[in-house]
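# Inside the fold
Single-letter residue listing:
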Amino acid sequence: MLKLRRFALLFVTSFVFLSLLPEMRADVRLPHIFGDHMVLQRGQEIPVWGWADAGEKVTVKLKNDSVETTADDQGKWMVKLPAQVVGDPATLTVAGKNTVTFKDVLLGEVWLCSGQSNMEWPVSRSNDFENEKAAANYPLIRHIKIPRIPKGFPQEDVTAEWTVCSPETVGSYTAAGYFFGRKLHKELNVPIGLVNSSWGGTRIEPWTPPVGFEKVPALASIFKQVQLTNPATGEYKSALESYLQRLDAWTKEAKVALNAETPLQPSPAYPTAIQPLTSHSSPTTLYNGMIHPLVPYAMRGAIWYQGESNHVEGMLYYEKMKALIGGWRDVWKQGEFPFLYVQIAPYHYGNESPTILPLLWEAQNKALDIPGTGQVVIHDIGNLKDIHPKNKQDVGARLALIALAQTYGQKDLVYSGPVFKSLKKEGNKLRVTFDHVGSGLVSRDGKPLSWFEIIGKETDFVPADAVIEGDSVVLSSPKVKEAAAMRFGWHKLAEPNLANEEGLPAAPFRAGEVPKRDWLSLKVDEAKDYQLIYDLDLKNLGRDIKYTQDASGSFTQPFNRIAYFLELQKVGEETKYVYVSMDAFTDDLKKIGVPTLDSKAFFQTKVANLNVVSNFAGIATGTGLTGGNIEFWPGNYGPTNSANIPNASASLWDFGDEPSEPAAGYGCMQVHNYEAKQTIFAINQWNSGPNADLGIGNSTGRTRDWTFMSNASQYDVKRLRVLVRPE
């Protein structure tokens, strides 16, 4: 058994050790980030590193500078050449027992270009490629594409080559990076080196080094996951030791079973939590395979175009941006180098709530709080039907504007669109003031300003009349008596037209405090005559219903009507509500709430004199409506119209369904208007909590009563109130 344990430890340790070591050879060699046609960063020390025999002397020469060092006992060496200025193409020579020579080396500006598909997107698939190809005679622009390599541990090298920009090579270049570099080259008149380490469809976490996660408390769980896979950590060793102990115990049992000729359970599985992270979607893997081999190659900064694969995460993305930027800066040890990024474009993202994407934009705006960052806004040059907008020319040019202003110090350069500065209430209006107005605020298409919304105490967000006044926009609406908050571009398809005269668009944002409102008292006059019995936050749905308020045991008066008020709201969207009251169908208050098995509520019955108030399009509203029907029970049900409810289908789940076993099953709480052929509201499958069915009006698809929709998690606000009218 001791031999087995020693073998397991030796195998794991040897695997990790060999995976981390570079190939050891007598020849002096360098990582492939060094090569013919490369660009070295001007104006700062230039690290040059590689491998040789342990103790071997290595000499590095560039122009008139020569630096010597000795390889350590692992065969690794590094020197730092003095800062250089732009000059004629040079030769970099590295000599030990052999000599390595790199020709056509330029001194200029080096930028790392990283992210997902919109950064990887090539010039060949961008707008006007034939003309771009013909004009791509820029021999002082160089490009290197890092291959797609996810790894569980930091790698020392990759296989890649620098190329010289020409009509023959430019098609494969990162388009955003190329158009960025081209503008810098023209403005600065210096060579440009583009290090393209990008991979379509990837998340931000794989690009982040462990130290990045370590320094952001909100990402502690990711750091723990990474630590568990690192053989040098106590967490890994503890987990492995625990596994080996279980393996010891199983081996003893196996020997007994072998001798006794009795069955044996399979051996314990090797813990998945400590296995190396190898997927391109796992934290740190693309840093290990595609970024670490480049460190500490001298560079000016990084440009980043990513977020589509993390777009549902809201402000958490800001935490991950902190981890990425801080992690890269930590490992490069070049201080707070510039990090410029692109705010992702509007896009439909299927049937997703239209306010999920704006929450990511808000997080990307927040990342400007990180020192040394800059953001490009592209809401005016996206494509709502294509997640890969082809206009990468303007993307690159706008990135370059930020670099020229913030990194290279060009004066009087407008490099940003309008950015929110302050919000001030002025009577029933709101005044929004902006920074970065340039030569003035304008509507870029000459039409009234779009995508401004305001909210008051008696409304949800409504479109605002927006008027430019100097560096401000004044907002108002005849529907809002006292405006409290506003938002701009708060929709996944928003392409707002506010810009400055230099043509740079404003970024989406929101400001002010959204007031608390009681839609029941605001919208339903008759509610003042009713007494609240149940108040239920539908986030608390589950096998046990936990009411926020339950007056069923204390209210003793007789009542003649029962009412329900359901309100549903997705994040940032208008609240949808419905109120329906009816003649009392029972005198037992325990049976008017959610019809759980314990409540003993079971109704497939018509109800009289419906009063309906709703802002949901298509709901039949009014007083004294006929056609009321309720379906309340805790069990299963099918579409057969066994109760012969008028207008109901015998094949669709709607307002004429048949209860079935088991008694404690799916669960149905529905109020209908069969005269109007519609569901008024439905709460089904409450045992499933966040997977419950919620809806107002008719659902579409295989049902009309929201059965099987499992959509409760889509709503940020979901509240049901049950009331009665005392006699």
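For the structure itself, look to the data block above.
Here's what I pulled together on the structure shown here. (Residues numbered from 1 in each chain as written. Predicted model: local features only at pLDDT ≥ 70, side-chain atom pairs only at ≥ 80, totals over all residues. Heavy atoms only, no water.)

### Observations regarding the sheet that holds strand β18 (residues 462–463)
The strand order β18-β17-β21-β23 describes an open sheet built from four strands, whose pairing is antiparallel. The outermost strands of the open sheet, each flanked by one partner alone, are β18 and β23 (509–512). In terms of strand pairing, strand β17 (residues 452–456) meets strand β21 (residues 483–488) through five bridges, oriented antiparallel. Among the inter-strand pairings, F452 is bridged to a residue of β21, identified as F488. (Pairing = 2+ DSSP bridges. Helix = DSSP H or I, 4+ residues; strand = E, 2+ residues; numbered from the N terminus.)

### Examining the nonpolar core
By size, the foremost hydrophobic cluster in this structure holds 102 residues, and its most contacted members are F34, W77, Y178, L184, W304 and W328. Considering every element that reaches this core, the biggest residue donor is strand β7 (residues 99–115), with nine residues. Residues contacting W328, with those up to four places away along its chain left out, are L112, S114, W207, P209, Y287, I291, A302, W304, F337 and F339. By size, the runner-up hydrophobic cluster in this structure holds 42 residues, among which are L568, M582, V612 and V724. (Core = buried A, V, L, I, M, F, W, Y, C linked by side-chain atoms within 4.5 Å. Buried < 20%, exposed > 50% of the residue type's maximum accessible area, 1.4 Å probe, protein only. Contact = heavy atoms within 4.5 Å.)

### So, helix α10 (residues 356–366)
Helical periodicity: at 3.6 residues per turn, an α-helix aligns residues three or four positions apart in one direction. Taking burial as the measure, the eleven residues of α10 include nine buried ones, the bulk of the element. Among the residues of α10, L357, P358, L359, L360, W361, E362, A363, Q364 and N365 are the ones counted as buried. As for α10, its buried residues are in contact with α9 (316–332), β12 (339–342), β13 (373–376) and β23.

### A closer look at the sheet that holds strand β14 (residues 419–426)
Strand order in the open sheet formed by four strands is β14-β15-β20-β19, with antiparallel pairing between adjacent strands. Each end of this open sheet is capped by a strand with a single partner; those strands are β14 and β19 (465–469). Going from strand to strand, the sheet's axes swing by 25 degrees on average, the running direction of each strand aside. Note that β14 and strand β15 (residues 429–435) share seven bridges and pair antiparallel. By the bridge assignment, V419 is partnered in β15 with D435. (Axes fitted to C-alpha atoms, helices over the stretch in contact; angles between N-to-C directions.)

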